[in-house]
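Tertiary structure, described
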Amino acid sequence: MSDMIARLRGEVIEVGTGRVTVDAGGVGYEVLVPESVLLAVGREGAQVDLRIRHVFREDGQVLFGFLNSDQRRLFDLLTDVKGCGAKTSLAMISELGEIGAVSAIATQDLRMIARTPGIGMKLAERIAIELRDKVAELSLVQRAAVKIEQPEDEVVDALLALGYRRQEAEIAASEVRREGDSVEVQIKSALRRLAR
């Protein structure tokens, strides 16, 4: 069944855990979103332009929102894997970030894939095998390849060790790289940003 709603543009009027409510034309739409969307537009009053996947289920309809078409396509590929439902697919994109997810699939990193709640090693293996060639069609894979070639990021590693999600750790680390010469200064600055 084709989507009834494929794109949603409007104002964020409410923010919750893993979800935003968007006012579009006077109607409030609740949309489940990955961490990257919350980090980018997760505040009331923000203007959003989301790519939507409208999922029909026996118990109702759910809208899943993404920053771009590639992110939505990755979601579609994941949900095509048997045993990887919509919420599990969204959880993987939230946990690893879209670049991290594509990198893990491209390099067959089962442990990384299995970090997502709800994904065990058996499902991680199925995802890696079934999607290895399919993720190559995404422009995300080019950015993932660049990321794989980069050295380990000490700031990101430190933030991950403190319990932050990879997506927010990478965004904070990229923002503070120019603020201090030492890793210690960058970590402190990143922590201040994340505490806001």
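Presented here is a report on the structure given in the accompanying data block. This structure is a prediction, so every number in the text was calculated from the model and none was measured.

A few words now on the packing of aromatic side chains. Across all of its chains, the model carries two aromatic pairs by this definition. With a centroid separation of 5.0 Å and an interplanar angle of 45°, the aromatic rings of Phe-66 and Phe-75 are classed as tilted. You can call Phe-66 buried: its relative accessible area is 0%. The exposure class assigned to Phe-75 is buried, which follows from its relative accessible area of 1%. Ring pairing ties together the aromatic residues Phe-64, Phe-66 and Phe-75, which thus form one cluster.

Every buried residue of helix H7 (residues 154–161) is listed here: Val-155, Val-156, Leu-159 and Leu-160. Mapping the buried residues of H7 onto a view down its axis gives an arc of 135°, with all of them on the same face. Exposed residues on H7 whose side chains face more than 90 degrees from its buried face are Glu-154 and Ala-161. Where H7 is buried, its residues contact helix H8 (166–176) and helix H9 (183–195). Just beyond H7, the residue with positive phi is Gly-163, at close to 100°.

What counts and what doesn't
Residues numbered from 1 in each chain as written. Predicted model: local features only at pLDDT ≥ 70, side-chain atom pairs only at ≥ 80, totals over all residues. Heavy atoms only, no water. Phe/Tyr/Trp six-rings, centres within 6.5 Å; stacked < 30°, edge-to-face > 60°. Buried < 20%, exposed > 50% of the residue type's maximum accessible area, 1.4 Å probe, protein only. Helix = DSSP H or I, 4+ residues; strand = E, 2+ residues; numbered from the N terminus. Arc of directions from axis to C-beta. Contact = heavy atoms within 4.5 Å.

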